[in-house]
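Analysis of the macromolecular model
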Amino acid sequence: MPIDSRVDAYITKQADFARPILIELRARIHAANPGVVETIKWGMPFFTHAGKPLANMAAFKAHASFGFWQRAGLPTGKEGEAMGQFGKLTTLADLPDSESFAAMVAAAVALIDGGAAKPMRPARPPKPAPVVPPELAAVLAADPVAATHFAGFAPSCRREYCDWIGEAKRPETRDKRAAEAALWLHEGKRRNWKHEAC
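Residues numbered from 1 in each chain as written. Predicted model: local features only at pLDDT ≥ 70, side-chain atom pairs only at ≥ 80, totals over all residues. Heavy atoms only, no water.

1. Concerning the sheet that holds strand β1 (residues 37-41)
Sheet architecture is open: four strands sit in the order β1-β2-β3-β4, paired in antiparallel fashion. At either end of the open sheet lies a strand with only one pairing partner, and these are β1 and β4 (64-68). Neighbour-to-neighbour, the strand axes of the sheet open up by a mean angle of 25 degrees, direction not taken into account. Direction of pairing for β1 relative to strand β2 (residues 44-49): antiparallel, over a ladder of five bridges. Counted as the bridge partner of Lys41 is Met44 from β2. Sitting on the sheet, helix α1 (residues 5-12) touches β1, β2 and β3 (52-59), and the angle it makes with β1 is about 60 degrees. (Pairing = 2+ DSSP bridges. Helix = DSSP H or I, 4+ residues; strand = E, 2+ residues; numbered from the N terminus. Axes fitted to C-alpha atoms, helices over the stretch in contact; angles between N-to-C directions. Contact = heavy atoms within 4.5 Å.)

2. Details of the environment of Arg159
By the element assignment, Arg159 lies in helix α6 (residues 155-166). On a C-alpha basis, the gap between Arg159 and Arg191 in space is 9.4 Å, while along the polypeptide they are 32 residues apart. Here Arg159 is in contact with Lys127, Pro128, Ala129 and Pro130, once residues within four sequence places are set aside. At 2.4 Å, the side chain of Arg159 forms a polar contact with the backbone oxygen of Pro128. (Polar contact = N/O pair within 3.5 Å; in protein donor to acceptor, adjacent residues only side chain to side chain.)

3. Some words on the side chain of Arg28
Following the sequence through the fold, Arg28 ends up in helix α2 (residues 18-32). Side-chain polar atoms of Arg28 contact the backbone oxygen of Pro96, separated by 2.5 Å.

4. So, the confidence of the model for the protein chain
Looking at the protein chain as a whole, the pLDDT averages 86, with 89% of positions reaching at least 70. Averaged pLDDT values over the elements of the protein chain bottom out at 88 in helix α3 (residues 98-113) and peak at 94 in helix α4 (residues 134-142). (pLDDT = per-residue confidence, 0-100.)

5. Overview of the pairing of β4
Counting buried residues in β4 gives five out of five residues, a clear majority hidden from the surface. Where burial is concerned, the two faces of β4 agree: the one with Ala64, Phe66 and Phe68 and the one with Ser65 and Gly67 are both buried. Looking at chain direction, β3 and β4 are connected through five bridges and run antiparallel. Counterpart to Ala58 in the pairing with β4 is Ser65. Counting the residues between successive antiparallel strands, the hairpin from β3 to β4 contains four residues. (Buried < 20%, exposed > 50% of the residue type's maximum accessible area, 1.4 Å probe, protein only.)

6. Observations regarding the packing of α1 against α2
Relative to each other, α1 and α2 sit at 150 degrees, their axes nearing to 9 Å. When the axes of α1 and α2 are compared, the pair comes out roughly antiparallel. Between α1 and α2, the contacting residues are Val7, Asp8, Tyr10, Ile11 and Thr12 on the first element and Arg19, Leu22, Ile23 and Arg26 on the second. A per-class count over the contact of α1 with α2 returns five nonpolar, one polar and three charged. (Parallel < 35°, antiparallel > 145°, perpendicular 65-115°, else oblique. Nonpolar A, V, L, I, M, F, W, Y, C, P; charged D, E, K, R; others polar.)

7. So, α1
Owing to its 3.6 residues per turn, the α-helix brings residues three or four apart onto one side. For α1, the complete set of buried residues consists of Val7, Tyr10 and Ile11. Seen end-on, α1 carries its buried residues on one side only, within an arc spanning 95 degrees. In α1, the exposed positions that point more than 90 degrees away from the buried face belong to Ser5 and Thr12. Among the structural elements, α2, β1, β2 and β3 are those in contact with the buried residues of α1. (Arc of directions from axis to C-beta.)

Pasting the structure below:
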């Protein structure tokens, strides 16, 4: 049972309610898979099998959490309530029984041994094209050079101009921002050009 002193240090510095939970989770995962290896990834304890992530645990201000890296076919329990599959863990009673936990570890190990890859998150749908506020539309209609530069920008750069002008509450502010945008766009500058050299 390889022990990583960094995991010891992580557990030691956690709140009183969290330490027993983390100690119990650690003991259970080692009991279920004696070859598991401990490490720290992204600032929290991870358990690996065959060099691949098996599970992780973490403690927060008011709860702890535990989750398997590969989850296909595993009970999801309270997934979505907090990071991990068991929801917000505040006492040992929040953990599944030892036998169920060991079965989940075995299933997660089998997924790794079977070559399963962690499914990628579904791609986010593209954002709709930005709505050009009337003040900016007037600027673009009056200056073909600015319009050409604006059209050549990536959608995110166009959206920055549209949002910046369109989110102003007062008409005077929108007009003032549109006037500034006219100068910058004529020169081919993006909305946040002042910060690009930083």
